[in-house]
Amino acid sequence: MPYRTPEERFADLPDFPFAPNYVSVGADLRMHYVDEGTGASILCLHGEPTWAYLYRHMIPPLAAEHRVVVPDFIGFGRSDKWTAVDDYSFAHHYETLRTFVEALDLSEITLVVQDWGGLLGLAFAARQPERVARLVVLNTFLPTGEEEKSPAFRQWRRFVERTPDLPIGTVVRRGFADSSRLSDAEVAAYEAPFPTADSKAGAVAWPLLVPMTPDAPGADAMRETRARLAEWSKPAFVLFAPGDPILGGAREFFLDLLPTAREQPDLVVDDAGHFLPDERGPTVARHVRRFVDRTA
């Protein structure tokens, strides 16, 4: 049986008044999601080591005109968690995401992705483009194991390898351009889903699942995703925080990969780090709304 974080851990979180929703994505496996507003769907996917709380500043302005759906991947947030690192794989995450989208029957999706949300969400969009109307690509990448990893990522991966009990809140705070923007209560909110070391297995797994060699698990899926997105014909908006030392340099990669990306305004989110949906949420939400409006 998977581990399920006690609900009381999520009581009175700062700026997170959203009612929880759940859907089954496998035998005895429950996935949590925020579901706010009505209208065309905006699906926001988080990365490492966060959860739906990452998008809390974006949900209200987007939900004013749209249905905003923000799931927690298995192993994160209010979703169920396997407690062994080896229980996690790219294939397992992909299948639970696919099952989630199909269970909610989401279509004409504006897909917003960040970090691992990009690896999985862009793989989904590449394989089921009939469900996705447009892409918003925040700081992420599609690693095939053939590229040189940034020094910051290599340092981060080595840290995870020797630190199974990850200090989740500290990791998030250090990913900000200005760590003082995240209060102690918000740090605690990022830590809320993970009361034990075993409950952090999913957060430990993700950095270790990034393909480091061309024959690593997941590398073929990333190559296939790149190939399919190189033929993407629907709107795509690349909005990066270039100050992110891990993924900020991937902006030009996506502008070159996605054929429609350079049709959108050439914008960046200055004065933000890796977790730009949190650090500059209202700004990102405003850009997303304008993108949806001009490509409707």
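Each remark here, short or long, concerns the structure printed above.
Residues numbered from 1 in each chain as written. Predicted model: local features only at pLDDT ≥ 70, side-chain atom pairs only at ≥ 80, totals over all residues. Heavy atoms only, no water.

Caption draft 1: Quick peek at unusual backbone geometry. Cis peptide bonds are those with omega within 30 degrees of zero, and the linkage from Glu48 to Pro49 qualifies with -10°. Even without a glycine there, the phi angle at Asp12 is positive, about 55°. Phi is positive for Asp28, close to 60°, though the residue is something other than glycine. Among the structural elements, Asp28 can be located in the loop between β1 (21-26) and β2 (29-36). (Helix = DSSP H or I, 4+ residues; strand = E, 2+ residues; numbered from the N terminus.)

Caption draft 2: Expanded view of empty space enclosed by the protein. Tallied over the entire structure, the rule returns one cavity of 30 Å³ or more. Estimates place the volume of the largest cavity at around 30 Å³. Taken together, Phe90, Trp116, Leu119, Leu209, Pro211, Pro217, Gly218 and Met222 make up the full set of residues lining the largest cavity. By residue class, the composition of the lining of the largest cavity is seven nonpolar, one polar and no charged. (1 Å grid on protein atoms, 1.4 Å probe; cavity = no way out; pocket = protein on both sides within 12 Å on 5 of 7 lines; lining within 4 Å. Points joined across faces, edges and corners; volume = space filled by probe spheres on them. Nonpolar A, V, L, I, M, F, W, Y, C, P; charged D, E, K, R; others polar.)

Caption draft 3: Up close: the packing of aromatic side chains. Within the structure shown, the criterion is met by 19 aromatic pairs. Centroid distance Phe76 to Phe194: 6.2 Å. Interplanar angle 90°. Geometry classified as edge-to-face. In this pair, Phe76 is assigned in the loop between β4 (67-71) and α2 (90-104) and Phe194 in the loop between α6 (184-191) and α7 (201-209), connecting sequence segments 118 residues apart. Among the residues examined, Phe76 registers a relative accessible area of 0% and is labelled buried. In this structure an aromatic cluster arises from ring pairing among Phe73, Phe76, Phe90, Tyr94, Trp116, Phe194 and Trp206. (Phe/Tyr/Trp six-rings, centres within 6.5 Å; stacked < 30°, edge-to-face > 60°. Buried < 20%, exposed > 50% of the residue type's maximum accessible area, 1.4 Å probe, protein only.)

Caption draft 4: Representation of the layout of surface pockets. Each pocket or cavity is described by its volume, and for the largest pocket that value is around 770 Å³. Forming the boundary of the largest pocket are 31 residues, of which Ala152, Phe153, Trp156, Ile246 and His274 lie nearest the centre. Contributing elements (two or more residues each) for the lining of the largest pocket: α3 (116-127), α4 (151-161) and α5 (168-174). The leading source of residues in the lining of the largest pocket is α4, at five residues. When the residues that make up the lining of the largest pocket are grouped by side-chain class, the tally is 17 nonpolar, six polar and eight charged.

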